[in-house]
Amino acid sequence: MVERTVREAVFAAPAERDERDRMRRAHATAARQFEVAASGPEVWGWQGRTLGRRAGDCWLRIVSAEAGKAGGRLWEGTATADTHVPRSVPRPRLRGVLDWTSPDIAYRAELTEYVPVPPVTSGTPALDQDIALPDSWWAELKSALGALAMVPTDRESVRQNWVDRNLRSFLGIDPVRIRETTTGHADLHWANLTRAPLVLLDWENWGRLPVGYDLGLLHAYSLTAPATAARIRREFAHVLDTDAGRTGELIALGQLLQACSRGVHPHLAPLVARQAEHLTGIPVPTP
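Residues numbered from 1 in each chain as written. Predicted model: local features only at pLDDT ≥ 70, side-chain atom pairs only at ≥ 80, totals over all residues. Heavy atoms only, no water.

A. Spatial organisation of the side chain of Glu 235. Structurally, the position occupied by Glu 235 is in helix 6 (residues 226–235). A polar contact is formed between the side chain of Glu 235 and the side chain of Arg 231, at a distance of 2.8 Å. When neighbours within four sequence positions are excluded, Glu 235 is seen to be in contact with Trp 138 and Lys 142. (Helix = DSSP H or I, 4+ residues; strand = E, 2+ residues; numbered from the N terminus. Polar contact = N/O pair within 3.5 Å; in protein donor to acceptor, adjacent residues only side chain to side chain. Contact = heavy atoms within 4.5 Å.)

B. Highlighting the pairing of strand 5 (residues 105–113). With respect to burial, strand 5 is a largely interior element, 8 of its 9 residues being buried. Here strand 4 (residues 94–101) pairs with strand 5 via 7 bridges, running antiparallel. Each bridged residue has a counterpart across the sheet, and for Val 97 the counterpart in strand 5 is Glu 110. Between strand 4 and strand 5, which pair antiparallel in sequence order, lie 3 residues. (Buried < 20%, exposed > 50% of the residue type's maximum accessible area, 1.4 Å probe, protein only. Pairing = 2+ DSSP bridges.)

C. Fine view of the sheet that holds strand 4. Across the sheet, 5 strands lie side by side as 1-2-3-5-4; this open sheet has antiparallel pairing. Two strands bound the open sheet, and with one partner strand each, they are strand 1 (39–44) and strand 4. Pairs of neighbouring strands in the sheet enclose a mean axial angle of 15 degrees, with direction left out of account. Most of the contacts of helix 2 (residues 73–84) go to strand 5, to which it runs at about 30 degrees, and overall it touches strand 3 (58–66), strand 4 and strand 5. (Axes fitted to C-alpha atoms, helices over the stretch in contact; angles between N-to-C directions.)

D. Fine view of unusual backbone geometry. Residue Pro 197 is reached from Ala 196 by a cis peptide bond, and omega for that bond is -5 degrees. Mapping Pro 197 onto the fold places it in the loop between strand 6 (181–184) and strand 7 (207–210). Here the phi dihedral of Glu 35 falls at roughly 60 degrees; this positive angle occurs in a residue that is not glycine. Assessed through its relative accessible area of 73%, Glu 35 is described here as exposed.

E. Quick peek at the packing of aromatic side chains. Tallied over the full model, the rule gives 4 aromatic pairs. Where Trp 100 meets Tyr 107, the ring centres are 5.1 Å apart and the plane angle is 20 degrees; that geometry is what we call stacked. Each ring, one from Trp 137 and one from Trp 190, has its centre 5.9 Å from the other, and the planes form 20 degrees; the classification is stacked. One end of the pair, Trp 137, is in helix 3 (residues 135–149); the other, Trp 190, is in the loop between strand 6 and strand 7, with 53 residues separating them in the sequence. (Phe/Tyr/Trp six-rings, centres within 6.5 Å; stacked < 30°, edge-to-face > 60°.)

F. View of helix 5 (residues 213–220). Along helix 5, 8 of the 8 residues are buried, which leaves the element largely enclosed by surrounding structure. Those residues of helix 5 lying buried are Tyr 213, Asp 214, Leu 215, Gly 216, Leu 217, Leu 218, His 219 and Ala 220.

G. Local environment of helix 8 (residues 243–260). With 18 residues, helix 8 should reach 26 Å at 1.5 Å per residue; the first-to-last C-alpha distance of 26 Å fits that figure. When you tally the buried positions in helix 8, you get 16 out of 18 residues, the bulk of the element. (Expected span 1.5 Å × (residues − 1).)

H. A look at the layout of surface pockets. In this structure, the largest pocket spans a volume of roughly 1,000 Å³. As for the largest pocket, its lining consists of 41 residues, of which Val 43, Trp 59, Pro 119, Ala 191 and Leu 201 are closest to the centre. Elements represented by at least two residues in the lining of the largest pocket include exactly strand 1, strand 2 (50–55), strand 3, helix 2 and strand 5. Broken down by element, the lining of the largest pocket gets its largest block of residues, 5 residues, from strand 1. Here the residues of the lining of the largest pocket sort into 19 nonpolar, 14 polar and 8 charged. (1 Å grid on protein atoms, 1.4 Å probe; cavity = no way out; pocket = protein on both sides within 12 Å on 5 of 7 lines; lining within 4 Å. Points joined across faces, edges and corners; volume = space filled by probe spheres on them. Nonpolar A, V, L, I, M, F, W, Y, C, P; charged D, E, K, R; others polar.)

This is the structure:
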């Protein structure tokens, strides 16, 4: 199974009508309980697992899982971020959480403040062209990631055992050791970053991860926009150009190539492979 730190970003409603209707009924149930009126377009998350809509000055999002598989780190990520991550890291404030279970499915509804600024991309984590963001935006991102790095937590977003099992298969190199970690977002891509002013969205998976992982992932999702990718490397050279940063970037590239191998954003695969080869000097294995 692909580790969820690089989620297979299929942002679409479930293919089955029964599943779509089930999620819509659950969303309506949560809206009644919170006494809000949902409006506006539906925003579906990874493989239809989540559904969000605007509700006045709030955003109402539900997530579902098989009843026996609910709970745990991803289930609790938004709530734990709200209590543990300082407000100097710009993110939506959590206003309420509601849990319930049907005979087979568990649900969690999260009511957060509505963010009026749109994300840089919608429906995909990757850029398809260069973007013009002000210098202040880059300064805000640097400040936010720096503040997040200082947050103590026992949440583990990227594990050594994934590296040991998979790095040789996807990068063609011996597994590297994670020696320096930091607290990070763990899903840092362009659909989770708003335009100015900056807000970081989707806190399901935050936690401890290798230094350089977040930035390596964001850079990889920018490879189709060379000027933006170059800006990331300039702004964050103090991280990416270190041994620890290189390790984190390689792990991010390996996980992204694993997702690509399953048919997710295939147009990125050759660019990610080229970046990995640039860092290691070793061609990545062919599928």
